[in-house]
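Reading the structure
The chain contents come next:
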Amino acid sequence: TIRTSLYLSIIQDISNMVFDSGPRNPSLITLKNALDKSEIKSILEHQYLSDGNQANNYNRFRCSKDFEDLYAQFLVTSTNILANPIFMSAKSARDTLIAHIDVKFIDGNYEYPDIKKLNLKWSDAGNMLHLFKTPIMNANMIIRDASFAWQEFEKQNTLISSEFWQ
C-alpha cells in the first residue's frame, strides 16, 4: 500500500540520518565521531566562547559550563540513540529493503514486508524523530551557537501531511 511504502521510506531516511558513516554523510554517527575528537571539541569550544561579548570572567565561566553541558548531553543522547533497539530495527529494515531481501514482485506489484516482521510499529517513526531532536539541537548549539524552531517545523509538517491525506 502507499501507506506502507511511505512509512518504509521514512524509516529508511531516519536510518540514513543516524547510521550512514561515510566521511561526507551528515549523519549522527559521523557527527558523533567527529565531536568525540578532543581537537574538534577544543576548536568548537573556543568558537563558542568567543561568539558574543565575553568581557568578564563570570560570563566566560557560564558560557564554558553551558558548552560542557551541551557537549556532554550530545554525546550521551547520541550514544543512546545509536544503541537504541528501535533505531537498530530501523537500520535492519533499511538494510533489508536496500538489499531487496523481503521485497517481492507479485502479480505486477511490489509487495513490501510486514512492518511487524521488521520489528517496527507504526508509531516508531514519530518516536525516533522525537528522540532525534535533542542531539540535533545540542549539535546545532555546539557548532553554530544557534537553536532550531521545532514548533514551527512540526506545525508546517502537520499542515503539509494533513493536506496530503485529505
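It should be noted that the structure appears before, not after, this text.
Residues numbered from 1 in each chain as written. Predicted model: local features only at pLDDT ≥ 70, side-chain atom pairs only at ≥ 80, totals over all residues. Heavy atoms only, no water.

Concerning the side chain of Ser-78
The residue Ser-78 is located in helix α4 (residues 57-83) in this model. By relative accessible area, Ser-78 is classed as buried at 0%. Each residue touching Ser-78, except ones within four places of it in the same chain, is listed here: Leu-28, Lys-32 and Pro-135. (Helix = DSSP H or I, 4+ residues; strand = E, 2+ residues; numbered from the N terminus. Buried < 20%, exposed > 50% of the residue type's maximum accessible area, 1.4 Å probe, protein only. Contact = heavy atoms within 4.5 Å.)

Some points on helix α6 (residues 124-144)
With 21 residues, α6 should cover 30 Å at 1.5 Å per step; its first-to-last C-alpha distance of 29 Å lies within 8% of that length. Every buried residue of α6 is accounted for by Asp-124, Ala-125, Met-128, Phe-132, Lys-133, Pro-135, Asn-138, Ala-139, Asn-140 and Ile-142. A positive phi of about 55 degrees marks Asp-145, the residue just after α6. (Expected span 1.5 Å × (residues − 1).)

Observations concerning unusual backbone geometry
If you check the backbone angles, Asn-119 has positive phi at about 60 degrees while not being a glycine. By the element assignment, Asn-119 lies in the loop between β2 (109-111) and α6. Judged by its relative accessible area of 58%, Asn-119 falls in the exposed class.

Observations regarding the packing of aromatic side chains
The geometry of an aromatic ring pair is captured by the separation of the ring centres together with the interplanar angle, meaning the angle of the planes. All told, the structure shown has three aromatic pairs when counted by the stated rule. With centroids separated by 5.4 Å and ring planes inclined at 55 degrees, the aromatic side chains of Tyr-48 and Phe-67 adopt a geometry described as tilted. Taken together, the residues span a long stretch of sequence, with Tyr-48 in helix α3 (residues 38-50) and Phe-67 in helix α4 at a distance of 19 residues. Pair check on accessibility: Tyr-48 and Phe-67 agree, each one buried. On the basis of an interplanar angle of 15 degrees and a centroid distance of 6.0 Å, the ring pair of Phe-67 and Tyr-71 is categorised as stacked. Here the residue Phe-67 and the residue Tyr-71 both occupy positions in helix α4, the gap between them amounting to four residues, near one helical turn. Phe-67 gets classed as buried once you look at its relative accessible area, which sits at 0%. Linked through ring pairs, Tyr-48, Phe-67 and Tyr-71 together constitute an aromatic cluster. In this structure, Lys-91 is placed above the aromatic ring of Phe-19, and the distance from its NZ or CZ to the ring centre is 5.9 Å. (Phe/Tyr/Trp six-rings, centres within 6.5 Å; stacked < 30°, edge-to-face > 60°. Lys NZ or Arg CZ within 6 Å of the ring centre and 35° of its normal.)

Quick look at the packing of α3 against α6
Look at α3 against α6: their axes get within 7 Å of each other, and the N-to-C directions meet at 75 degrees. The orientation of α3 relative to α6 falls into the category roughly perpendicular. Along its contact with α3, which presents Leu-44, Gln-47 and Tyr-48, the element α6 presents Met-141, Ile-142 and Ile-143. In terms of residue class, the contact of α3 with α6 is made up of five nonpolar, one polar and no charged. (Axes fitted to C-alpha atoms, helices over the stretch in contact; angles between N-to-C directions. Parallel < 35°, antiparallel > 145°, perpendicular 65-115°, else oblique. Nonpolar A, V, L, I, M, F, W, Y, C, P; charged D, E, K, R; others polar.)

A word on the side chain of Thr-96
Here Thr-96 lies in helix α5 (residues 85-98). The exposure class assigned to Thr-96 is buried, which follows from its relative accessible area of 13%. Within the structure, the side chain of Thr-96 is placed 2.8 Å from the backbone oxygen of Ser-92, a separation counted as a polar contact. (Polar contact = N/O pair within 3.5 Å; in protein donor to acceptor, adjacent residues only side chain to side chain.)

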